[in-house]
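Each chain, written out:
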Amino acid sequence: MRIEENKPLAPFTTLGIGGPARWFVAAKNEEEIVEASTWAREKGIPLFVLGGGSNLLVSDTGFNGLVLHIGLKGISVRETAGSSHERVYQVAAGEGWDQFVQRTVDDECAGLECLAGIPGTVGGTPVQNVGAYGQEVATTIDSVRVFNLRETRFDTFSKKLCDFGYRRSLFNSQSGNWFVVTRVDFCLAPGGAPSLKYADLQREFSLATTPTLKQVADTVRSIRQSKGMLLVDGDPDCHSAGSFFKNPIVSEAHVERIASTAASEPPRFPAGPDHSNMVKLSAAWLIEKAGFTKGYSFGHAGISRKHTLALVNHGGATAAEILALAHKIRSAVVARFGIELQMEPVMLGFDS
Ligand SMILES: Cc1cc2nc3c(=O)[nH]c(=O)nc-3n(C[C@H](O)[C@H](O)[C@H](O)COP(=O)(O)OP(=O)(O)OC[C@H]3O[C@@H](n4cnc5c(N)ncnc54)[C@H](O)[C@@H]3O)c2cc1C
């Protein structure tokens, strides 16, 4: 284990922003995770777990603690016994997410094809229950192996214990942020049909024939690219942390009030089984109606030209600029609709 000092963090994030980590270590196996966490505990310094840095805003002053970069690699596969033929992929947390999705698509195993093109690591996906185009990882995760920093032992959590919700899990809740994910097990369907729940996807395929998993994954990547939501060299609109704001979940009555004052109907979606009598609103619609359009510029930061929800670094942006823009947008949405948008990326190195 090699601990580095004053390591710049910006190159480890998709926003390309942020100061240095006071200490930094890249862990290649579970033993190094234990070693690094013991080192931090004995010195009484805070520890932050870093995956692909694709859902992260690091402060301009950096992080005064140990950044533990997860570099664990390896995928093993086993078939389940019994009548329901399923395949379990045991994937080390540091594997690249999109590469793993492509592997399952090549193996003709259904369940992750709509999540193609999302950046980051496999270990990052259960943290906010990554989702897109009608799929979320909670559906196919079988279990998550973690190192429990508080109890200093390894545990394996079943899907139920992970307590998944919309962009939520045990691992990003108050009571669970002392877990380092080391492996995720996914249970997929060999030969299964692709999921086509999302309107954007249904439009792409004729309903007469079922597309292959590969066709769906490729289409998802190309839709993502058109929205600046795929990491593509040379595309200035992908220097983001993905969606900067979550879609808010509000009461039916609140939506009706908005509809009565807005010129057009707000797009709304079911909020899921945890939220009866509530609906999910489009954060992008609220932001646009509050006066912010794609391509909006604010110093070196701005809104992507291809997606209203992505705040981008146009080159040389500071974390302070990104936060000031986020604050401006949130204030305008509160003033217009009485809704406080929640930020999706994790904030590192800020006071509160
Ligand atoms: C262009 C773009 C498009 C995106 N599209 C989507 C999308 O469609 N849907 C979606 O849900 N998200 C999307 N995201 C957000 C992001 O890609 C996901 O949240 C991703 O899973 C984050 O993984 P990561 O490894 O990069 O985590 P990081 O950004 O490194 O970390 C994020 C959080 O997870 C924690 N974490 C990471 N790894 C571990 C681990 N091994 N153990 C414990 N905690 C860990 C970190 O401590 C931090 O709190 C997008 C981002 C970008 C830049």
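A few points on the structure. Keep in mind the model is a prediction, meaning the values are calculated, not measured.

What counts, and where the lines are drawn
- Along each chain, the written sequence defines residue order, and numbers are assigned to residues from 1.
- Where local features are concerned, this predicted model is filtered to residues with pLDDT of at least 70; where side-chain atom pairs are given and counted, the filter is 80 or more; whole-chain, interface and lining totals use all residues.
- Excluding hydrogens and water, the side-chain figures rest on all heavy atoms present in the structure.
- By this definition, two strands are paired if DSSP reports at least two bridges between them.
- Secondary structure elements follow DSSP: runs of H or I of four or more residues count as helices, runs of E of two or more count as strands, with numbering from the N terminus.
- A fitted line through C-alpha atoms serves as each axis, taken over the contacting stretch for helices, and the angle formed by two N-to-C directions is quoted from 0 to 180°.
- In this description, contact between two residues means that some pair of their heavy atoms is separated by no more than 4.5 Å.
- Counted as salt bridges are all cases of a side-chain nitrogen of Lys or Arg within 4 Å of a carboxyl oxygen of Asp or Glu.
- Burial status follows relative accessibility: with a 1.4 Å probe on protein chains alone, a residue under 20% of its type maximum counts as buried, one over 50% as exposed, and anything between as partly exposed.
- Stacked, edge-to-face and tilted labels apply to pairs of Phe, Tyr and Trp rings (six-membered ring for Trp) whose centres lie within 6.5 Å, assigned for plane angles under 30 degrees, over 60, and everything in between, in that order.
- Definition used: whenever NZ (Lys) or CZ (Arg) falls within 6 Å of the ring centre and also within 35 degrees of the ring normal, the charge is taken to sit over that ring.
- Nearness is judged by heavy atoms alone; a residue qualifies as near a molecule or strand once a single heavy atom is within 4 Å of it.
- Contacts described as polar in this section are N or O atom pairs within 3.5 Å, which, within protein, must combine one atom able to donate a hydrogen with one able to accept it, while residues neighboring in sequence count only if both atoms come from side chains.
- To be clear on the numbers: accessible area is Shrake-Rupley with a 1.4 Å probe, and residue cover counts the displayed protein chains and nothing else.
- In the scheme used here, Gly and all other residues not listed as nonpolar or charged are polar, with Ala, Val, Leu, Ile, Met, Phe, Trp, Tyr, Cys and Pro taken as nonpolar and Asp, Glu, Lys and Arg as charged.
- With respect to orientation, any angle under 35 degrees is reported as roughly parallel, any angle over 145 as roughly antiparallel, any angle of 65 to 115 as roughly perpendicular, and every other angle as oblique.
- Rotating anticlockwise by less than a right angle from the far helix to the near helix defines a left-handed crossing, while the corresponding clockwise rotation defines a right-handed one.

## Notes on the sheet that holds strand β15 (residues 268–270)
Now for step 1: With antiparallel pairing, three strands are arranged side by side in an open sheet as β14-β16-β15. Strand pairing shows two members of the sheet lacking a second neighbour, β14 (249–251) and β15, which therefore form its edges. Each neighbouring strand pair of the sheet contributes to a mean axis angle of 50°, computed without reference to strand direction.
Now for step 2: Alignment of β15 against strand β16 (residues 278–281), held across three bridges, turns out to be antiparallel. For R268, the partnering residue across the bridge sits in β16 and is L281.
Now for step 3: Relative to β14, helix α7 (residues 252–261) is tilted by about 85°, and along the sheet it contacts β14, β15 and β16.

## What about the pattern of salt bridges?
Now for step 1: All chains considered together, the criterion is met by 22 salt bridges.
Now for step 2: Across the salt bridge formed by K28 and E32, the nearest N and O atoms sit 3.5 Å from each other.
Now for step 3: Residue classification places K28 among the exposed residues on the basis of a relative accessible area of 57%.
Now for step 4: A residue is classified by how much of its surface remains accessible, and E32, at 11% relative accessible area, is buried.

## Here's the deal with the environment of A21
Now for step 1: Looking at where A21 falls in the secondary structure, it is placed in strand β2 (residues 20–27).
Now for step 2: Owing to a relative accessible area of 0%, A21 belongs among the buried residues under this scheme.
Now for step 3: When the C-alpha atoms of A21 and V77 are compared, they prove to be 36 Å apart, with 56 residues separating the residues in sequence.
Now for step 4: Beyond its immediate sequence surroundings of up to four residues, A21 is in contact with E5, N6, K7, L9, F63, G65 and V67.

## A closer look at the packing of aromatic side chains
Now for step 1: On inspection of all chains with the given rule, the structure shows 16 aromatic pairs.
Now for step 2: Seen in terms of ring centroids, F48 and F63 are 6.3 Å apart; in terms of plane orientation they differ by 65°. Their pairing is edge-to-face. One end of the pair, F48, is in strand β3 (residues 47–50); the other, F63, is in strand β5 (residues 63–70), and 15 residues separate them in sequence. F63 shares its class with F48; the two are buried.
Now for step 3: Look at F100 and F186: their rings are 5.3 Å apart centre to centre, the planes differ by 40°, and that puts the pair in the tilted class. Separated by 86 residues along the polypeptide, F100 in helix α2 (residues 97–106) and F186 in strand β13 (residues 179–190) bring together distant segments of the chain.
Now for step 4: Given a relative accessible area of 0%, F186 falls into the buried group.
Now for step 5: Clustering of aromatic rings is evident, with ring pairs tying together Y89, W97, F100 and F186.
Now for step 6: When the ring centre of F24 is taken as origin, the NZ or CZ atom of K7, which lies over that ring, is 5.4 Å away.
Now for step 7: A cation over an aromatic ring shows up here: K280 above the ring of Y166, its NZ or CZ 3.9 Å from the ring centre.

## A few points about the site of the ligand
Now for step 1: Around the ligand, 34 residues are found, and the nearest of them are V49, S54, T121, V181 and R224.
Now for step 2: Contact between the ligand and P119: an oxygen atom at 3.1 Å from a main-chain N or O atom of the residue.
Now for step 3: A distance of 2.9 Å is found between an oxygen atom of the ligand and a side-chain nitrogen or oxygen belonging to Q128.
Now for step 4: Relative to its unbound accessible surface of 970 Å², the ligand loses 94% to contact with the protein.
Now for step 5: Put simply, the parts of the chain that give the shell around the ligand at least two residues each are β3, β9 (131–132) and β13.
Now for step 6: Along the lines of polarity and charge, the residues of the shell around the ligand split into 17 nonpolar, 15 polar and two charged.

## Let's talk about the packing of α2 against helix α6 (residues 213–226)
Now for step 1: The geometry of α2 relative to α6 is characterised by a closest axis approach of 9 Å and an angle of 155° between their N-to-C directions. With respect to their mutual orientation, α2 and α6 come out roughly antiparallel. For the pair α2 and α6, the crossing hand works out as left-handed. Contacts from D98, Q102 and V105 in α2 reach L213, K214, A217 and R221 in α6.
Now for step 2: Looking at the contact of α2 with α6 residue by residue, the class counts come to three nonpolar, one polar and three charged.

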